[in-house]
Amino acid sequence: MSKPKLTYQNSGVNIHEGYKEVQLIKKIAKSTYNENVLNNLGSFAGMFEISKKMRNPILVSGTDGVGTKIAIACSKKKYDTVGIDCVAMCVNDVLCHGAKPLFFLDYIACGKLDAHVAAELVKGVANGCRQSGSALIGGETAEMPGFYKPGDYDLAGFSVGVVEKNKIVNGTNIKIGDCLIGLASSGCHSNGFSLIRNVFKSLDEKFENKPIWKTLLEPTKIYVDSILKLMKHVQVKGMAHITGGGFIENVPRMLKKPGLQIVINKNSYPLPKIFKLINNRGVDLKHMYNTFNMGIGFVVCVDKKDVTKTIKILKSCNEQAYEIGYITKGKEPICLR
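What comes next concerns the included structure.

What counts, and at which threshold
Each residue is numbered by its place in its chain's sequence as written, counting from 1. Only residues with pLDDT of at least 70 get local features here, since the model is predicted, and only at 80 or more are side-chain atom pairs given and counted; chain-wide, interface and lining totals rely on the full set of residues. Only hydrogens and water are removed before side-chain values are computed, so all heavy atoms of the structure are retained for them. The term salt bridge refers to a side-chain nitrogen of Lys or Arg lying within 4 Å of a carboxyl oxygen of Asp or Glu. Each helix is a run of H or I in the DSSP string that is no shorter than four residues. Each strand is a run of E no shorter than two, and both are numbered from the N terminus. The classification of residues rests on relative accessible area computed with a 1.4 Å probe and restricted to protein chains. Under 20% of the type maximum is buried, over 50% is exposed, and intermediate values are partly exposed. Strands were regarded as paired on the criterion that DSSP finds at least two bridges between them.

## Some thoughts on the pattern of salt bridges
And then number 1: Here the structure, examined in full by the defined rule, presents 13 salt bridges.
And then number 2: Measuring nitrogen to oxygen at the nearest pair gives 3.1 Å for the salt bridge that ties D178 to K237. In this pair, D178 is assigned in the loop between β4 (153-164) and β5 (179-184) and K237 in the loop between α7 (224-231) and β8 (238-241), connecting sequence segments 59 residues apart. Across the pair, exposure class does not vary: D178 and K237 are buried alike.
And then number 3: Of the charged contacts, one joins K221 and E319 as a salt bridge, the two residues approaching to 3.7 Å between their closest N and O atoms. Pair noted here: K221 is in the loop between α6 (212-216) and α7 and E319 is in the loop between α11 (307-316) and β11 (321-329), with a separation of 98 residues, a long-range link.
And then number 4: Since its relative accessible area comes to 26%, K221 is described here as partly exposed.
And then number 5: Residue classification places E319 among the buried residues on the basis of a relative accessible area of 6%.
And then number 6: Through salt bridges with shared partners, a single network forms among K175, D178, K237 and D303.

## So, the pairing of β4
And then number 1: Most of β4 is tucked away: nine of the twelve residues are buried.
And then number 2: Note that strand β1 (residues 57-65) and β4 share nine bridges and pair antiparallel. Looking across to β4, one finds that S61 is bridged to V160.

The quantities given are spatial measurements derived from coordinates; they are silent on function.
Here it is as structure tokens:
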């Protein structure tokens, strides 16, 4: 009796399912293209032309993943929103330096590829790209049997943006008396889910008249359009995307001069009910401010004279915006009151 031939497929990798996935996502990716995209999906590399109108363009890049939030998506077979999270986590970071996102590439890993599931994941990525004005110009799907279990998926990506060198936002001109404006988050975004999954043992428990998994899968808000519009009218001195590490780790990253302290007034905006519930389930509030966004997904620093104008512009962009703090002198980088 002859031994079975060793092939890629009987080792667990179905290259034909990969070909099928490429065909399914081509149209999805093309929906994000603009005149600067120079390649078709399926090329070895993505190509994007930078506008000739820019005098001294600086490329700004950021990379991130969805984290264990995708475990909830997989368990509920709801795959079409976590791609928005993947894009948001990257483009909001790039935005912190005043850069306009240009293009995005994604990476999907799984134990056993289902082309239709992968296409749903990419559908979310494309949605996030359209929201941020990015072109989805490439990506990679890796089928890794024995490393991931069948049904497991992971999703990550990276964004590249551009900003004129003399318009880079880097926090160097932040001074005592400047004010912080917080933009409301859309929920838990995509951080702290290893803790969240430990807090909520049943994803089907009711929260606000629906299964709690629907609230937990609410996509991360993308702030690109609103902030780019704001920067046309107001000098934004510093920005922070509130991701892993919460307020405590992220907001002080905008400070560059020693001796400055950020003061955050925790009562300056309404705390979303989902965070109140997590606190009621036994998670300490101080720990939460070092883990979650606590209802504020993005923070900008502006001169005190620009506060009213800033909030008015952001509200015209359908953002919930609040004056949440200020810059003062202090030894510690941040104080939550």
